[in-house]
Amino acid sequence: MLHFLTKESGKNMIDLKTNYLGLELNNPLIVGSCGLTKNADKMYECQKAGAGAVVVKSLFEEALALEQIKLSEALEDHPEAYDYKYANIEKMYGSEQYCEIIREAKRKLNIPVIASLNCISEKWWKNYAKQVEEAGADAIELNIYTTVYNEAVSASEVEYNYLRIAESVRKSVDIPVAIKISKYITAFPNLAFLLEKRGINGLVMFNKFVEPDIDISKMELRSVFNFSKPEDFRVTLRWIGILSGERDIDLCASTGIFDAEDAIKVLLAGGKSFQVVSAIYNNGLSHIRVILDGITEWMKKNNYSSIEEFRGKLSFKSSELNNQFLRAQFIEKTDI
Ligand SMILES: Cc1cc2nc3c(=O)[nH]c(=O)nc-3n(C[C@H](O)[C@H](O)[C@H](O)COP(=O)(O)O)c2cc1C
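Here the structure is a predicted model, which means the values were calculated and not measured. (Residues numbered from 1 in each chain as written. Predicted model: local features only at pLDDT ≥ 70, side-chain atom pairs only at ≥ 80, totals over all residues.)

### Side note on unusual backbone geometry
To keep it simple, the criterion reads: Numbering of helices and strands runs from the N terminus; a helix is a DSSP stretch of H or I covering at least four residues, while a strand is a stretch of E covering at least two. To assign burial, the other C-beta atoms lying within 10 Å of each residue's own C-beta are counted, with C-beta atoms placed from the backbone; 20 or more indicates buried, 12 or fewer indicates exposed, and intermediate counts indicate partly exposed.
With omega at 15 degrees, the peptide bond leading from Met205 into Phe206 counts as cis. Here the phi dihedral of Met219 falls at roughly 55 degrees; this positive angle occurs in a residue that is not glycine. Looking at where Met219 falls in the secondary structure, it is placed in the loop between strand 10 (211–215) and strand 11 (220–224). Residue classification places Met219 among the exposed positions, given that 7 C-beta atoms sit within 10 Å. Of note in the backbone geometry, Thr255 takes a positive phi value of approximately 115 degrees without being a glycine. Within the fold, Thr255 resides in the loop between strand 12 (250–254) and helix 10 (260–269).

This is the structure we're talking about:
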């Protein structure tokens, strides 16, 4: 339609709306789970800055588990006291505090608020999911990852565990559920297929980890977390491109999206939305508007009025030159 309009008249018609997990977003930019989304006020700032949705800073089961261990050690001889105290601990460190953040965010914000769960044991995945749904979360993002260090655990067992968690959460809530997945998976298409069969609505590619390091002066182990770098984007683009259009599961790009150009590439590859964290830490919340304005400008220049008009145009499935997505080795680059 817009192809028949002048650039000037088309200017007012640019629509950045997208549908992600069945939720209508004003635009595809989601502020990913991080310190910028750790409470309702901060999430409100993200909304004011133009975000299409927010993912709340994760609820980590470890915090609760740690308290549980300390407490059970302290109360070993008093099981009845343990039960009583445990109920309080759960309130203090667990889901109750988190649910209050979601309730407050839902009162203050009018963009979708996506809860993020990061659990270990199956019991908590289910319990927390139900509780955040009741608190009003519009969707749930499950950040599933454990470091496998036991030689008896096979790759298929690891993936089976993903499926088990996905299935059990899916059965316990009615809101949309996305899985934030690790980039260290061998066969994404198969896993995506199996998750979709279990009713999972979206894949967030990818999660990011705290990594181990060694302090050689103190002779100590330590953990480090680095912000993403622009080159981290390549692996995100590859898998969004390969998986998109193949199945009925929404793809949300996460890792290495720094500017409008990256965002446009993700959409051309078929992503429904994208998450930004490091770029906002680096440049401030005003960077949200810079990215959105950049997408709008590009759409104007290319005579697109809506994202659906170009989304997926250069995915693996749609593009004739799709071999670029598969090529992983330096076939022609022997001169470097
Ligand atoms: C300070 C900080 C805190 C984060 N906390 C969480 C978290 O609680 N849960 C989670 O799933 N991801 C967390 N992340 C990861 C981000 O959501 C995102 O996946 C990652 O930073 C990659 O996106 P980026 O390249 O735009 O930074 C955090 C990232 C940062 C920088």
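### Comments concerning the nonpolar core
Going by this rule: Core membership is restricted to buried Ala, Val, Leu, Ile, Met, Phe, Trp, Tyr and Cys residues, and these are joined into a nonpolar core through C-beta atoms within 7 Å. Contacts here follow a simple rule: the backbone-placed C-beta atoms of the two residues must lie within 7 Å.
Grouped together as the largest cluster of nonpolar side chains are 86 residues, with contacts concentrated most on Val54, Ile102, Ile114, Val132, Ile140, Leu142 and Ile179. Residue contributions to this core peak at six residues, all from helix 9 (residues 233–243). Those residues in contact with Leu142, other than ones at most four positions away along the chain, are Leu117, Trp125, Ile165, Ala166, Val169, Val177, Ile179 and Lys180.

### Topic: the site of the ligand
The condition that has to hold: Each residue receives a C-beta atom built from its backbone; the residue is near a molecule or strand if that atom lies within 6 Å of it. Gly is placed with the polar residues, together with every amino acid not listed as nonpolar (Ala, Val, Leu, Ile, Met, Phe, Trp, Tyr, Cys and Pro) or charged (Asp, Glu, Lys and Arg).
Surrounding the ligand, one finds 23 residues, the nearest of these being Gly32, Ser58, Ser228, Val277 and Ser278. Residue assignment for the shell around the ligand shows that the elements contributing at least two residues are strand 6 (113–118) and helix 11 (278–283). Residue contributions to the shell around the ligand peak at three residues, all from helix 11. Taken together, the residues of the shell around the ligand sort by class into seven nonpolar, 13 polar and three charged.

### Considering the packing of helix 2 (residues 40–48) against helix 5 (residues 95–108)
Under the convention used in this document: Structural elements are reduced to axes, namely lines fitted to C-alpha atoms, with helices fitted over the stretch in contact, and the angle between N-to-C directions of any two is expressed from 0 to 180 degrees. Throughout, a crossing is termed right-handed when the near helix is turned clockwise from the far one, and left-handed when it is turned anticlockwise from it by less than a right angle.
Two elements in contact, helix 2 and helix 5, have axes whose closest approach is 9 Å; the angle formed by their N-to-C orientations is 35 degrees. Regarding helix 2 and helix 5, the two cross each other, and that crossing is right-handed. Contacts between helix 2 and helix 5 involve Ala40, Met43 and Tyr44 from the first element and Ile101, Glu104, Ala105 and Lys108 from the second. Considered class by class, the residues forming the contact of helix 2 with helix 5 number five nonpolar, no polar and two charged.

### Things to note about the confidence of the model for the protein chain
Put simply, the rule reads: By definition, pLDDT measures how confident the predictor is in each residue, and it falls between 0 and 100.
Mean pLDDT over the protein chain: 86, with 84% of residues reaching 70 or higher. Below a pLDDT of 50 lies the segment residues 74–93, which in the model reaches 18 contacts outside its immediate sequence neighbourhood of four places, other chains included.

### Re the packing of helix 7 (residues 155–172) against helix 8 (residues 188–197)
The criterion, for reference: Between 65 and 115 degrees an angle is taken as roughly perpendicular, under 35 as roughly parallel, over 145 as roughly antiparallel, and anywhere else as oblique.
Across the interface, helix 7 lies against helix 8 with an axial gap of 10 Å and an inter-helix angle of 25 degrees. Relative to helix 8, helix 7 is oriented roughly parallel. Between helix 7 and helix 8 lies a crossing of right-handed hand. On the side of helix 7, the interface is formed by Glu159, Tyr162, Leu163 and Ala166, while helix 8 contributes Leu191, Leu194 and Leu195. Grouping the amino acids of the contact of helix 7 with helix 8 by side-chain chemistry returns six nonpolar, no polar and one charged.

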